[in-house]
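# Tertiary structure, described
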Amino acid sequence: MIDDRHKPNDAPPAPETRVLRELLLMRAGGHLVGVFADEADNVIEGLRPTPLPHAPAAVLGVVCVRGRMRTLLDPSAMLDDG
(Lines give C-alpha, C1' and ligand atoms only; values in the text may rest on other atoms or scores of the structure.)
Protein backbone atom coordinates (compact mmCIF):
# COMPACT_ATOMS: atom_id res chain seq x y z
CA MET A 1 0.00 0.00 0.00
CA ILE A 2 1.14 3.54 -0.66
CA ASP A 3 -0.03 6.86 0.73
CA ASP A 4 -0.49 9.03 -2.38
CA ARG A 5 -0.93 12.25 -0.41
CA HIS A 6 2.56 12.16 1.09
CA LYS A 7 5.20 14.07 -0.85
CA PRO A 8 8.92 13.86 0.08
CA ASN A 9 9.23 17.55 1.06
CA ASP A 10 5.93 17.76 2.93
CA ALA A 11 5.17 16.78 6.49
CA PRO A 12 3.23 13.52 6.58
CA PRO A 13 -0.53 14.00 6.80
CA ALA A 14 -2.36 13.39 10.04
CA PRO A 15 -3.33 9.70 10.44
CA GLU A 16 -7.04 10.43 10.04
CA THR A 17 -6.48 12.08 6.60
CA ARG A 18 -4.19 9.41 5.13
CA VAL A 19 -5.55 7.44 2.20
CA LEU A 20 -3.98 4.07 1.49
CA ARG A 21 -4.27 2.75 -2.05
CA GLU A 22 -3.33 -0.59 -3.55
CA LEU A 23 -0.55 -0.44 -6.12
CA LEU A 24 -0.27 -2.82 -9.09
CA LEU A 25 3.25 -3.39 -10.40
CA MET A 26 4.28 -4.30 -13.95
CA ARG A 27 7.43 -4.34 -16.03
CA ALA A 28 7.79 -2.12 -19.09
CA GLY A 29 11.13 -2.65 -20.77
CA GLY A 30 13.74 -2.25 -18.05
CA HIS A 31 11.43 -0.26 -15.79
CA LEU A 32 9.14 -1.30 -12.95
CA VAL A 33 5.89 0.69 -13.24
CA GLY A 34 3.24 1.13 -10.55
CA VAL A 35 -0.43 1.87 -11.28
CA PHE A 36 -3.01 2.55 -8.60
CA ALA A 37 -5.45 -0.39 -8.61
CA ASP A 38 -8.51 1.86 -8.51
CA GLU A 39 -7.29 3.60 -11.69
CA ALA A 40 -6.73 0.36 -13.62
CA ASP A 41 -9.68 -1.14 -15.45
CA ASN A 42 -8.37 -4.56 -16.45
CA VAL A 43 -5.72 -6.37 -18.45
CA ILE A 44 -6.71 -7.71 -21.85
CA GLU A 45 -4.44 -9.40 -24.36
CA GLY A 46 -4.78 -9.71 -28.11
CA LEU A 47 -6.46 -6.39 -28.93
CA ARG A 48 -4.99 -4.35 -31.76
CA PRO A 49 -5.20 -0.61 -31.12
CA THR A 50 -6.55 1.79 -33.72
CA PRO A 51 -3.83 4.45 -34.16
CA LEU A 52 -4.67 8.08 -33.44
CA PRO A 53 -3.35 10.75 -35.82
CA HIS A 54 -0.71 13.08 -34.40
CA ALA A 55 -0.61 11.18 -31.08
CA PRO A 56 2.60 11.15 -28.99
CA ALA A 57 4.80 8.05 -29.30
CA ALA A 58 3.56 6.72 -25.95
CA VAL A 59 -0.06 6.58 -27.22
CA LEU A 60 -0.44 3.34 -29.16
CA GLY A 61 -4.07 4.08 -30.05
CA VAL A 62 -7.53 3.24 -28.78
CA VAL A 63 -9.25 -0.09 -28.12
CA CYS A 64 -12.85 -0.98 -27.36
CA VAL A 65 -13.22 -2.83 -24.04
CA ARG A 66 -16.73 -3.82 -22.94
CA GLY A 67 -18.24 -1.14 -25.16
CA ARG A 68 -16.01 1.67 -23.88
CA MET A 69 -13.13 3.29 -25.75
CA ARG A 70 -9.83 3.11 -23.86
CA THR A 71 -6.53 4.75 -24.70
CA LEU A 72 -3.69 2.25 -24.90
CA LEU A 73 -0.40 3.62 -23.57
CA ASP A 74 3.13 2.28 -23.86
CA PRO A 75 4.77 2.94 -20.46
CA SER A 76 8.25 2.12 -21.78
CA ALA A 77 7.90 4.95 -24.35
CA MET A 78 6.86 7.38 -21.60
CA LEU A 79 9.91 6.40 -19.54
CA ASP A 80 12.41 6.28 -22.39
CA ASP A 81 15.69 7.80 -21.21
CA GLY A 82 17.03 8.35 -24.73
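Before reading on, note that the structure itself is shown above.
### Let's talk about unusual backbone geometry
Phi is positive for His-54, which is not a glycine, with a value near 65 degrees. Residue Arg-66 is not a glycine yet carries a positive backbone phi of 55 degrees. For Arg-66, the location among the structural elements is in the loop between β5 (59-65) and β6 (68-73).

### Thoughts on the pairing of β5
In the sheet, β5 pairs with β6 via six bridges, with the strands oriented antiparallel. Pairing of Val-59 across the sheet is with Leu-73, part of β6. Turn length for the β5-β6 hairpin, with the two strands adjacent in sequence and antiparallel, is two residues, and the turn residue Arg-66 shows positive phi of about 55 degrees.

### Side note on the pattern of salt bridges
Here the idea is simple: oppositely charged side chains can pair when their charged atoms come close. Enumeration according to the criterion identifies two salt bridges in this entry. Between Asp-38 and Arg-21 there is a salt bridge, and its shortest N-O distance comes to 2.8 Å. On the criterion of sequence distance, the pair formed by Asp-38 in the loop between β4 (31-36) and β5 and Arg-21 in strand β2 (residues 20-21) is long-range, its members being 17 residues apart. As a salt-bridge pair, Arg-21 and Glu-39 come within 2.8 Å of each other at their nearest N and O atoms. With a gap of 18 residues between them, Arg-21 in strand β2 and Glu-39 in the loop between β4 and β5 connect regions that are remote in the sequence. The class for Arg-21 is buried, based on a relative accessible area of 12%. Taking the relative accessible area as the measure of exposure, Glu-39 reaches 56% and is therefore exposed. Among the charged side chains, a salt-bridge network with shared partners connects Arg-21, Asp-38 and Glu-39.

### Here's the deal with the pairing of β4
Relative to β4, strand β3 (residues 23-28) runs antiparallel, the two sharing six bridges. Each bridged residue has a counterpart across the sheet, and for Met-26 the counterpart in β4 is Val-33. Here β3 hands over to β4 after two residues, with Gly-29 in that stretch at a positive phi of 65 degrees.

Calculation rules
Residues numbered from 1 in each chain as written. Predicted model: local features only at pLDDT ≥ 70, side-chain atom pairs only at ≥ 80, totals over all residues. Heavy atoms only, no water. Helix = DSSP H or I, 4+ residues; strand = E, 2+ residues; numbered from the N terminus. Pairing = 2+ DSSP bridges. Salt bridge = Lys/Arg side-chain N within 4 Å of Asp/Glu carboxyl O. Buried < 20%, exposed > 50% of the residue type's maximum accessible area, 1.4 Å probe, protein only.

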